[in-house]
Structures are given as structure tokens and as C-alpha cells.
Amino acid sequence: MDRVALRGLRARGYHGVFPGEREEGQTFVVDLTLGLDTRPAAADDDLAKTVHYGIVAEEVVAIVAGEPVNLIETLAERIAQACLRHEVVQEVEVTVHKPNAPITVPFDDTTVTITRSRV
């Protein structure tokens, strides 16, 4: 399976279990790796036979900026399901970064990574 990756998609979201997270919001960062067969697109040099990663990026940003959820696990699942709605995408790995999570000790990042497939 071939891979198409998008790294560092950013959007402001209002996800979290604490009131301040829901009121103030914060920037979330998403990394995606889409698994698909790119051979048909490459053979014909045809965008219609692959995934349009620009559209995927817009969909992901809309999900992050959209309806708030408590958990970034839920956010990752919504993103994965949106990616799998693209017919050529057979598998997706989603990492959601929450670099400003309300943690009381020094840290660099908080992430959740999930992998989903059609199988």
C-alpha cells in the first residue's frame, strides 16, 4: 500500500473536558497518513484516481474547528472516518496533537494516534 501524508494541519478548536478549554479554545495539530494504491493515478497522471489531499486537509480543519468533543480520541476517530469516506483511501493513521493541554508539569506535546482501515 502506498502512503500520502499530510503533516502539521492546524486549526483552533474548543475540545476538552474543562470549561476553560471549551471557552478559550486552543490550537490542535493533526498529522495524517493515508494508505491507498497510487498506481492507477500515476499510470494515467490523473488526480481523479487518487485522493485529493487538499480536500482532505480542508475536511480535517473543519472537523477540528467544528463541534467540540471532550476527548482527542473522539476527535481522531471523527477525522479517521472522514478520511475513509474517500473511496480510494483504504487505511488512515491519524495523530492529533494537543500541545497546550492543561497539564501542570512541563511537557512538549500530548498526542493520540489511531489507525483505522476498511477491513
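Here the structure is a predicted model, which is why all the values come from computation and not from measurement. (Residues numbered from 1 in each chain as written. Predicted model: local features only at pLDDT ≥ 70, side-chain atom pairs only at ≥ 80, totals over all residues. Heavy atoms only, no water.)

Thoughts on a nonpolar patch on the surface
In step 1: A contiguous nonpolar surface patch, about 290 Å² in accessible area, is contributed by V17, F18 and L71.
In step 2: Considering the arrangement of structural elements, one finds L71 in the loop between α3 (53-65) and α4 (72-84).
In step 3: L71 sits in the partly exposed class, given a relative accessible area of 42%. (Patch = residues over 30% accessible without salt bridge, like charges linked within 9 Å, V, L, I, M, F, W, Y side chains within 5 Å. Areas by Shrake-Rupley, 256 points an atom, 1.4 Å probe, with all protein chains shown as cover. Salt bridge = Lys/Arg side-chain N within 4 Å of Asp/Glu carboxyl O. Helix = DSSP H or I, 4+ residues; strand = E, 2+ residues; numbered from the N terminus. Buried < 20%, exposed > 50% of the residue type's maximum accessible area, 1.4 Å probe, protein only.)

Some thoughts on the side chain of K98
In step 1: Looking at the secondary structure, you find K98 in the loop between β3 (91-97) and β4 (111-117).
In step 2: A relative accessible area of 9% places K98 in the buried class.
In step 3: Of the polar contacts made by the side chain of K98, one reaches the side chain of E21; its length is 2.5 Å.
In step 4: Ignoring any residue separated from it by four or fewer positions in sequence, one finds K98 in contact with H15, G16, E21, Q26, F28, I72, F107, D109 and T110. (Polar contact = N/O pair within 3.5 Å; in protein donor to acceptor, adjacent residues only side chain to side chain. Contact = heavy atoms within 4.5 Å.)

Some points on the pattern of salt bridges
In step 1: Applying the stated rule across the entire model yields 6 salt bridges.
In step 2: The salt bridge involving K49 is made with D44; its shortest N-O contact spans 2.2 Å.
In step 3: Between E77 and R116 there is a salt bridge; the shortest N-O distance is 2.8 Å. With E77 in helix α4 and R116 in strand β4, this residue pair connects regions lying 39 residues apart in the sequence.

Let's talk about the UniProt feature "domain: Dihydroneopterin aldolase/epimerase" (unreviewed entry) in the chain
In step 1: Per the UniProt entry, the sites bearing "domain: Dihydroneopterin aldolase/epimerase" (unreviewed entry) are residues 4-116 in this numbering.
In step 2: Counted over residues 4-116, helix gives 34% and strand 30%. Its end C-alpha atoms are 15 Å apart. (UniProt positions renumbered as here; feature names shortened; annotations may be inferred.)

A closer look at the sheet that holds strand β2 (residues 26-36)
In step 1: The strand order β1-β2-β3-β4 describes an open sheet built from 4 strands, whose pairing is antiparallel. The sheet terminates laterally at β1 (2-13) and β4, the two strands that pair on one side only. The mean angle between the axes of side-by-side strands here comes to 15°, regardless of whether they run parallel or antiparallel.
In step 2: Along the sheet face, α3 touches β1 and β2 and points at about 35° away from the line of β1. (Pairing = 2+ DSSP bridges. Axes fitted to C-alpha atoms, helices over the stretch in contact; angles between N-to-C directions.)

Looking at α4
Note: α-helices contain 3.6 residues per turn, so residues at a spacing of three or four share the same orientation.
In step 1: With 13 residues, α4 should cover 18 Å at 1.5 Å per step; its first-to-last C-alpha distance of 18 Å lies within 8% of that length.
In step 2: Of all the positions in α4, only I72, L75, A76, I79, A80, A82, C83 and L84 are classed as buried.
In step 3: The inward-facing, buried residues of α4 contact β2, α3, β3 and β4. (Expected span 1.5 Å × (residues − 1).)

Thoughts on the pairing of β2
In step 1: Along β2, 10 of the 11 residues are buried, which leaves the element largely enclosed by surrounding structure.
In step 2: As judged from the 10 bridges shared by β1 and β2, these two strands associate in the antiparallel manner. Residue pairing across strands places R3 opposite G35, the latter belonging to β2.
In step 3: Where β2 lies against β3, 7 bridges are found, and the strand directions are antiparallel. Bridge pairing links T33 to E93 in β3.

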